[in-house]
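Residue-level listing of the chains:
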Amino acid sequence: MKVQFTLNGRNRIFEVSPDEYLLETLRNNHITSVRNGCDESTCGVCTVLFDSKPVLSCTMLTARVDGHHITTVEGVQNEVEHISHYFGDEGADQCGFCNVGLALTLHALKSEIKDPTDEEIKTYIVGNLCRCSGYQAQFRAIKRFLGDQK
Amino acid sequence: MRIVKHKIPSIDGRGIMMGRPAYTDDLADPNALIVKILRSPHAFAKIVSIDTSKAMELEGVELILTHHDVPRKSFTRAGQGYPEPSPHDKFILDEYVRYVGDEVACVAAISERMAKKALSLIEVKYEVFEPVLDFEKAYEHPSVIHPEEGIYEMFPIGFEPKKNVAASYQMEVGNIEEVLKSCDVVIEESFYTQAQAHAMMEPHTVNARIDFQNRLVIYSSTQTPFHVRRILSQTLDVPLSRIRVIKPRVGGGFGGKQALHGEMFVSMVTLKTGKPSKINFTRKEVFESTYTRHPMRLDMKLGAMKDGTLKAIDCYVLSDTGAYGEHALTVFMVTGSKVLPLYNKVDAVRFKGRIVYSNHVSAGAYRGYGAIQGNFALESAIDMLCAKLKMDPILFRQKNMILEGQTSPIFEIMGEGTEGTAMIMETCKLDFCVKRGMELIGWNDKYPRVELGNSKVKAVGMAIAMQGSGIPYIDMGAATIKLNDDGFYNLMVGATDIGQGSDTILAQIAAEELMTTVDKVIVYSSDSDLTPFDTGAYASSTTYVSGNAVLKAANLMKNMLLEEAARALKVDIDDIEFDGITFQTENQQITLSALSNRLTYNEDQKQLTATGSYVGTKSPPPFMAGYIEIDVDKETGELDIINYVSVVDCGTPINLKLAQGQVEGAIVQGLGMARFEDVKYSSKGSLISNGFLNYKIPTTKDIHKLTTEFAESYEKSGPFGAKSVGEIGIDTPPAALANAVYNAVGVRITELPITPEKILKGILEQKQKEIHS
């Protein structure tokens, strides 16, 4: 079936099977920044933005995306590069496998909640699992990033 | 120091966050055949017949392999020094299946859908046996898990497959029975630890292709690319020279990728079809069919005098290696060798036990590697002893623990699978770590507990730990530095960055020695064709072993540069000052950039490369004290982790932020094992906790505060004073938490994880006892 949606600001048409998930469609079309961590919507690695909201592409049928806007880090390079400096300063990046999904989630958080409390931040990013960092350095980086946006 | 011991951002974090292709599957051939594994539904069975004809008829199925189609050659998947201390008890595919999830057949097809469909069409008849699902009953069980011929040990490790024993070991210093008899106080307790899952975010993945020189090229998410190459060559009978193993960016390992899990299958598929292939493990497969931590039962007996002098430690350990014996003996030995020397003044110490097979998921390497199990048992037992002695647990530790300048006979007796290496603690700031941690947690105000009202109580607990820095005389790391025109360097290392940041800290070491900046040192790791040998990322060896190799290479390069500068300026080498940018004499100068261009294009042309290799002659342990503060609800058993204080002696932290990240990441993994990560099997032996929905790892909401500091410490044998820091952080949380729970509510939990249910059960049992007494 044909599916048409806006990918990183550009109109695209993909030929997909009805049971195909967005993660597969994107990876098959050279968007390798979106990666598979668990294939059952439990880890946050495959996060993309669906009309500016973070969703998990591993369980989002590509057919459902028809007519919507999908954003991956390729679509917000400057913003993500900016976030990455905070992570670098705090030593928050280790293996990095969760970082792309987390960066997109932060991008959405920033526009969705003004002046979030610590608890609101944690609730927003709780689905982005990380096994390396222990979350502390990540959290410091995120707080500083959000603080500097004011 | 200008570069070392500073907060340098990782060299790769930005590119990775921006989504650049980096990981193994990002680099797979887009036309790769998809490889899938048919896995056993039975915990223990023999394949009576296997019919692949219907599956092979499917259009798009290229190849199906069963045990009839693969070399009958036993090997171990463990990526360790060679000859391995793990038994060769695994076949690529076998007629026996030994756990739910074991490999039955391998399918290669043009798409994932086709491969999955083919799996469903393979018809297998099994003869099902009674499985061994309780490792305490495995020894001499009527079901022999490895009855087959052709399996063996590489050197004596106590391998007795007919008794379900993968390995066994014993040692004794002094006469344990007699010393225990002479003690005023003796305590005895058994502890149980669970089969923790690594849960690295990137599932196991590997792909293969044959290049235009007809060589097999493997991209693998591995901690040990050189061991992968060797084991593939030995097992598939392909010359080593025909295999190239490339390790791209790895999305976490923690020991789970210190083994071959998909490599054999993609290699066979690609060799047989000539086509590229890839395998991506599902998360369920990562849980069910890779590795876990070795579950153990640890029987501890401690003896002390009334004045608080620890006299004897007796430790019997039964370890469950699951279906295959990977890392069986070495993990077991670390349970003793990296725990028992903490109390080096005892008159007698005994450590013995066996590692048994069971029909569970195979256990393997996992950060801590036995030390976390041993630490939980010993450090819990020490607090139990203190309770009986009515002695402060910190005073007791200060009186009995190892200190700088001291040694333990265990270092010489116990190595990893072999004898060890005697060594004196040139650096051991454990006394500082204990004192500083006490201050940071506010011990004196909170020990043992503070009643908060509303049935809530606050308490603190602590534990001390040690680890190692590589395996002496076995682990070798090498590094090559190449000078380029314009005066920047390539640093090529076999050392394996798996996310811990070794590429960054090795660049820092080179930059410090060459007096340049990190951006002038371009790191490449690792590729068996292009980078020098390194045993890999395990045993806390990269900073110490590979770091020393980098330092040697950089020092050699610096001397070469000085020689070339002397030649160019026609002066004596001793008359030159070099600051990393310019070579200066009294009245002339040449920049490194100009010298490099001259060497490349103009005069005395040559390529400068320097290679350094290092193998340790000792394994200086990092030490730490871990303190935990918790709030417990006495009505429900619920507990909240308020703060975890780590004070660590890792020698010089090469990169302060990355070292802190290593400690904190390990603390939270340790807290996961201590508090959340419950492993459940069905009565038939299948793993129930096989995904993130039913196996909870800590989330950002579970972690309130981590306080991490480093002791001032300089290990002379390490690069710029460094010891290791990768594993030490994981060891203390289980015991510290168990001790804090005891301090809070008087309940001693001896079986991990420490769940609210167990705490509440303990509280209720106490109340029952009070009623009856």
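Residues numbered from 1 in each chain as written. Chains lettered and ligands numbered in written order. Predicted model: local features only at pLDDT ≥ 70, side-chain atom pairs only at ≥ 80, totals over all residues.

Here's the deal with the overall build of chain A
Check the secondary structure of chain A and you find five helices and five strands. Relative to its length of 150 residues, chain A is compact, with a C-alpha radius of gyration of 15 Å against a globular reference of 15 Å. Based on the C-alpha atoms only, the size of chain A along its principal axes is roughly 45 × 30 × 25 Å. Within chain A, the proportion of its 150 residues that are buried is 53%. Sequence separation of at least 24 residues holds for 60% of the intrachain contacts in chain A that already meet a minimum separation of 6. (Helix = DSSP H or I, 4+ residues; strand = E, 2+ residues; numbered from the N terminus. Rg over C-alpha atoms; globule rule 2.2 N^0.38 Å. Buried ≥ 20, exposed ≤ 12 C-beta atoms within 10 Å, placed from the backbone. Contact = placed C-beta atoms within 7 Å.)

What about the overall build of chain B?
Regarding its fold elements, chain B presents 19 helices and 27 strands. A globule of 773 residues ought to have a C-alpha radius of gyration of about 28 Å, and chain B, at 27 Å, matches this closely. Dimensions of chain B, computed from the C-alpha atoms along their principal axes, are close to 95 × 75 × 50 Å. Across the 773 residues that make up chain B, the buried fraction comes to 60%.

A short note on the confidence of the model for chain B
Within chain B, residue pLDDT values average 97, and 100% of them lie at 70 or more. Taken over the whole predicted complex, pTM reads 0.98, whereas the ipTM for its chain interfaces reads 0.98. (pLDDT = per-residue confidence, 0-100.)

Here's the deal with the interface of chain B and chain A
You'll often see interface size given as the accessible area lost when the parts meet. Counting from both sides, the interface comprises 44 residues of chain B and, opposite them, 46 residues of chain A. Looking at which element gives the most residues to the side of chain B that touches chain A, the answer is helix H17 (residues 656-676) of chain B, with nine residues. Here the side of chain B that touches chain A is built from residues that sort into 19 nonpolar, 17 polar and eight charged. (Nonpolar A, V, L, I, M, F, W, Y, C, P; charged D, E, K, R; others polar.)

Observations regarding the domain arrangement of chain A
All names here are of chain A. Partitioning chain A into structural domains gives domain 1 (2-74) and domain 2 (76-148). At the interface, 16 residues of domain 1 touch 15 residues of domain 2. Counting residues per element, the ones that place at least two in the side of domain 1 that touches domain 2 are strand E3 (47-50) and strand E4 (53-56). Here the side of domain 1 that touches domain 2 is composed, by residue class, of seven nonpolar, six polar and three charged. (Domains from an automatic or database assignment.)

Quick word on unusual backbone geometry
Residues and elements named next belong to chain B. Note the cis peptide between Tyr 447 and Pro 448, where omega equals -10°. When you line up the elements, Pro 448 lands in the loop between helix H13 (443-446) and strand E16 (449-453). A cis amide bond links Leu 752 with the next residue in sequence, Pro 753, at an omega value of -5°. Residue Phe 254 is not a glycine yet carries a positive backbone phi of 60°. Mapped onto the elements, Phe 254 comes out in the loop between strand E11 (243-246) and helix H6 (263-273).

Comments concerning the sheet that holds strand E5 (residues 69-71) of chain A
Residue and element names in this part refer to chain A. Strand order in the open sheet formed by five strands is E2-E1-E5-E3-E4, with mixed pairing between adjacent strands. With partners counted over all chains shown, the strands left at the sheet margins are strand E2 (10-15) and E4, one partner each. On average, each strand axis in the sheet is inclined to that of its neighbour by 40°, with strand direction left out of account. Pairing of E3 with E5 involves two bridges; the strand directions are antiparallel. Paired with Phe 50 across the strands is Ile 70, a residue of E5. Taken strand by strand, helix H3 (residues 99-112) contacts E3 and E4, and its axis lies near 30° from that of E3. (Pairing = 2+ DSSP bridges. Axes fitted to C-alpha atoms, helices over the stretch in contact; angles between N-to-C directions.)

Some words on the nonpolar core
In summary, soluble globular proteins display a tendency toward joint burial of nonpolar side chains. The biggest cluster of nonpolar side chains holds 296 residues, and the ones touching the most others in it are Val107(B), Leu491(B), Ala510(B), Val550(B) and Val741(B). If we skip the residues at most four places from it in the chain, Leu491(B) touches Ala479(B), Ile481(B), Leu506(B), Ala507(B), Ala510(B), Val521(B), Ile522(B), Val523(B) and Val550(B). (Core = buried A, V, L, I, M, F, W, Y, C linked by C-beta atoms within 7 Å.)

Observations regarding the domain arrangement of chain B
All names here are of chain B. Once the domains are mapped, chain B shows domain 1 (13-129 + 201-252 + 257-289), domain 2 (296-470 + 618-772) and domain 3 (476-615). Domain 2 and domain 3 are separated by 40 Å when their C-alpha centres are compared. Residue-level contacts link 18 residues of domain 2 with 17 residues of domain 3.

Observations regarding the environment of Ile246(B)
Tracing the backbone shows Ile246(B) in strand E11. Considered as a pair, Ile246(B) and Arg229(B) are 17 residues apart in the sequence and their alpha carbons are 9.6 Å apart.

Structural notes on the pairing of strand E9 (residues 205-210) of chain B
Residues and elements named next belong to chain B. For E9, a buried count of five out of six residues is recorded, marking the element as mostly surrounded by other parts of the structure. Across four bridges, E9 lies against strand E12 (residues 277-280) in antiparallel orientation. Of the residues in E12, the one forming a bridge with Val 206 is Ile 279. Note: E9 against strand E10 (residues 216-220), five bridges, orientation antiparallel. Across the sheet, the residue bridging to Ile 210 is Leu 216, located in E10. Hairpin connection of E9 to E10: five residues between the antiparallel strands, including Asn 214 at a positive phi of 65°.

A look at the packing of helix H9 (residues 371-389) of chain B against helix H10 (residues 393-400) of chain B
Residues and elements named next belong to chain B. At a minimum axis separation of 9 Å, H9 and H10 run at an interaxial angle of 110°. Relative to H10, the element H9 lies roughly perpendicular. Remark: the crossing between H9 and H10 carries right-handed chirality. Each of Ile 382, Asp 383 and Cys 386 in H9 lies in contact with H10, whose residues at this interface are Pro 393, Phe 396 and Arg 397. Taken together, the residues of the contact of H9 with H10 sort by class into four nonpolar, no polar and two charged. (Parallel < 35°, antiparallel > 145°, perpendicular 65-115°, else oblique. Left-handed = near helix turned anticlockwise from the far one by under 90°.)

Some details on the pairing of strand E19 (residues 489-493) of chain B
Residue and element names in this part refer to chain B. Along E19, four of the five residues are buried, which leaves the element largely enclosed by surrounding structure. Taken together, the five bridges between strand E18 (residues 476-483) and E19 define a ladder with antiparallel strand orientation. Pairing of Leu 483 across the sheet is with Tyr 489, part of E19. Remark: five residues form the turn of the hairpin made by E18 and E19, two consecutive strands paired antiparallel; Asp 486 in that turn has positive phi of roughly 80°. Sheet topology note: the E19/strand E20 (residues 521-524) ladder contains four bridges and is parallel. Residue pairing for E20: Tyr 489 is matched across the bridge by Val 521. Each parallel crossover has a hand, and the one from E19 via helix H14 (residues 502-513) to E20 is right-handed. (Right-handed = clockwise from strand over helix to strand, strands pointing away.)

Comments concerning H3(A)
For H3(A), built from 14 residues, the straight-helix expectation of 20 Å at 1.5 Å per residue is met to within 8% by its first-to-last C-alpha distance of 19 Å. Within H3(A), the full set of buried residues consists of Asn99(A), Val100(A), Gly101(A), Leu102(A), Ala103(A), Leu104(A), Thr105(A), Leu106(A) and His107(A). As for H3(A), its buried residues are in contact with E3, E4, helix H2 (77-90), helix H4 (118-125) and helix H5 (136-148) of chain A together with helix H1 (13-17) of chain B. (Expected span 1.5 Å × (residues − 1).)

Comments concerning the sheet that holds strand E2 (residues 45-51) of chain B
All names here are of chain B. A sheet is described by the order of its strands in space; here three strands give the open sequence E4-E2-E6, paired in antiparallel fashion. A strand with exactly one partner marks an edge of an open sheet, and here the two such strands are strand E4 (96-97) and strand E6 (123-128). Across two bridges, the pairing between E2 and E4 is antiparallel. Opposite Ala 45, over in E4, you have Val 97 as the bridge partner.

A look at the environment of Thr582(B)
Residue and element names in this part refer to chain B. By the secondary structure assignment, Thr 582 is in strand E22 (residues 582-584). When the 16 C-beta atoms within 10 Å are taken as the criterion, Thr 582 is described as partly exposed. The sequence separation of Thr 582 and Ser 593 amounts to eleven residues, and the corresponding C-alpha distance is 8.4 Å. Apart from the residues within four sequence positions on either side, Thr 582 is in contact with Gln 589 and Thr 591.

Regarding helix H16 (residues 592-602) of chain B
Since the α-helix turns once every 3.6 residues, residues separated by three or four places project in the same direction. All names here are of chain B. Those residues of H16 that sit buried are Leu 592, Leu 595, Ser 596 and Leu 599. Angularly, the buried residues of H16 cover 100° about the axis, an arc narrow enough to put them on a single face. Across H16 from its buried face, at more than 90 degrees, point the exposed residues Tyr 601 and Asn 602. In the core, the buried residues of H16 are packed alongside E18, helix H15 (542-569), E22 and strand E23 (589-591). (Arc of directions from axis to C-beta.)

Let's talk about the environment of Glu727(B)
Residue and element names in this part refer to chain B. Topologically, Glu 727 is positioned in the loop between strand E27 (706-710) and helix H18 (733-745). Under the C-beta neighbour-count criterion, Glu 727 is labelled buried, with 27 such atoms within 10 Å. Residues Glu 727 and Ala 323, spaced 404 residues apart in sequence, show a C-alpha to C-alpha distance of 26 Å. In contact with Glu 727, not counting residues within four places along its chain, are Arg 367, Gly 368, Tyr 369, Gln 467, Ser 540 and Ala 666.

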